[in-house]
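Commentary on secondary and tertiary structure
Residue strings, one per chain:
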Amino acid sequence: MRFKTSLRYRVTLAFALLGLLVSLGLAGSLYVLTINMEERHVTETLSAELEDYIARFESNHNALPPASTTIRTYVIQPGAINIPEELQDLDIGLHKITLEGKDYYAEVKVSNERHFVVLYNDKQIRHRENQFKLFLGIGILTMVLLSAVLGFWLAGRVISPVRELAIRVAGLRPEDHPTPLAVDFPHDEVGMLAHNFDAYLQRLCAFIEREQAFTADVSHELRTPLAVIEGATEVLLEDQGLDATRRTRVERIARSAREMSQLVSALLLLAREEQNPTVESSCAVAEALQHVVDGHQHLLRHKPVKIKLDIHAKTILPVECTLLRVVLANLIRNAIYFTEQGHVSVSLDEEGISVMDTGIGIPKEHIQRVFDRYYKGLTGSEGIGLSLVKRICQRYNWNIDLDSREDTGTVIRLSFMPAKT
């Protein structure tokens, strides 16, 4: 589950909702209790008034009934006149009726076959109820606001250890010696989380040390035999007694050794995993591009394919030439490999390099996956060529775009920001 708000605001919202529910429950209970007590008070008052009047009426039929701006009294007996129809069929007890457009409480009692009815106008009661509702609403709103403020303050106090841990973790770097975090936190859930971070950092540092040792050892062990192979091929190529067939084979071995040496150097540089690498060397892109194009001319010997190189800028980038050559070699080699006839055009301008071919193209379902590591492409074989290109581009914040159509060709654009031109 993903949350768009911070933990502190979620806790504040929870407190506000809790305050709302509690205040609604209390206000509802208080309102029902108040209404019941008010109705009971009205009933007791009307009953007392009616009993007093009945006693006075039995002793003196001319006794005046209780009457005021809110109370009216009727005696329903044979021969009585001016009795509203709404009162004639009322049973004994308390009722709520509407008479002449006004609401009344009606208390009915019977004595000597006479029905005594006393009416109480509930206008003032309704007015008090509306005021009471307003006060309850204000109380609910005040309770919610106080709960939100209290929740916001408490949330800040409660999550402050979590925030501190997040800041400490954000400042950690894998290549630095891990500083224990758990010693600065209490033995609670946050302390347990800090302890788990410490254990993870220990394992991560051990892994990095093993990886660095492995890459250094592999680099050293591979560079030595590669240097031997390159030296042996140079000696063999200087032998004037070699025939054309053997010379071609030795040249192929020399090219493979150079490519493997460049690949080993590139992998070693990438294995360092520097977030913002400090580049002390620079590379002339035009020279690197010319070197790569010349080094792949042998792939065109048995194909009706021509390669065209256009250089429109003398760009110099603050990058390792080895990594730039690996990128260019992969792009140009793939373009030549998948082009059976036509041409491959390579163009350098101030903003980047374009490689266009008239090859078989790439199906739509493959375009989004060609840069995945060990992805089996159209040839059905696995490799790290384009995935390595992607890693190098990410290292230097370059952008690489691919546009391809089946049976038409492919265009790859490598864009970079030149250091100077």
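Residues numbered from 1 in each chain as written. Predicted model: local features only at pLDDT ≥ 70, side-chain atom pairs only at ≥ 80, totals over all residues. Heavy atoms only, no water.

Details of the sheet that holds strand β8 (residues 342-348)
Rule in force here: Strand pairing follows a simple DSSP-based rule, namely that at least 2 bridges must link the two strands. Counting from the N terminus, the helices are the DSSP runs of H or I reaching at least four residues and the strands are the DSSP runs of E reaching at least two. Think of each axis as a best-fit line through the C-alpha atoms, taken over the contacting stretch in the case of a helix, with angles from 0 to 180 degrees between the N-to-C directions.
Strand order in this open sheet of five strands is β6-β8-β9-β11-β10, and the pairing throughout is mixed. The sheet is open, and its two edges are formed by β6 (305-311) and β10 (399-405), each paired on a single side. Strand-to-strand, the axes of this sheet are offset by a mean angle of 10°, without reference to chain direction. Bridging between strand β9 (residues 352-357) and strand β11 (residues 409-415) involves six bridges; their strand directions are antiparallel. Directly across from I353, in β11, lies its bridge partner L414.

Regarding unusual backbone geometry
Filter applied, for reference: Only protein chains enter the area calculation, which uses a 1.4 Å probe; residues under 20% of their type maximum are buried, those over 50% are exposed, and those in between are partly exposed.
Phi is positive for N397, which is not a glycine, with a value near 60°. When you line up the elements, N397 lands in the loop between α9 (385-395) and β10. Take N397: its relative accessible area is 72%, and that puts it in the exposed class. Residue D407 is not a glycine yet carries a positive backbone phi of 65°. In this fold, D407 is placed in the loop between β10 and β11.

Points about the environment of G359
Formally: The contact rule is simple, with two residues in contact once any of their heavy atoms fall within 4.5 Å.
As for its placement among the helices and strands, G359 is situated in the loop between β9 and α8 (364-367). Overall, the relative accessible area of 8% leaves G359 in the buried class. Ignoring any residue separated from it by four or fewer positions in sequence, one finds G359 in contact with F338, T339, D407, T408 and G409.

Describing the state of the cysteines
Put simply, the rule reads: When two cysteine sulfur atoms lie within 2.5 Å, the pair is treated as a disulfide.
Tallied over the full model, the rule gives one disulfide. Across the disulfide from C283 sits C321; the S-S distance is 2.3 Å. Between C283 and C321, the S-S dihedral sits near 120°, and the bridge is therefore right-handed. Of the two residues, C283 sits in strand β5 (residues 283-284) while C321 sits in helix α7 (residues 321-337), which places them 38 residues apart along the sequence.

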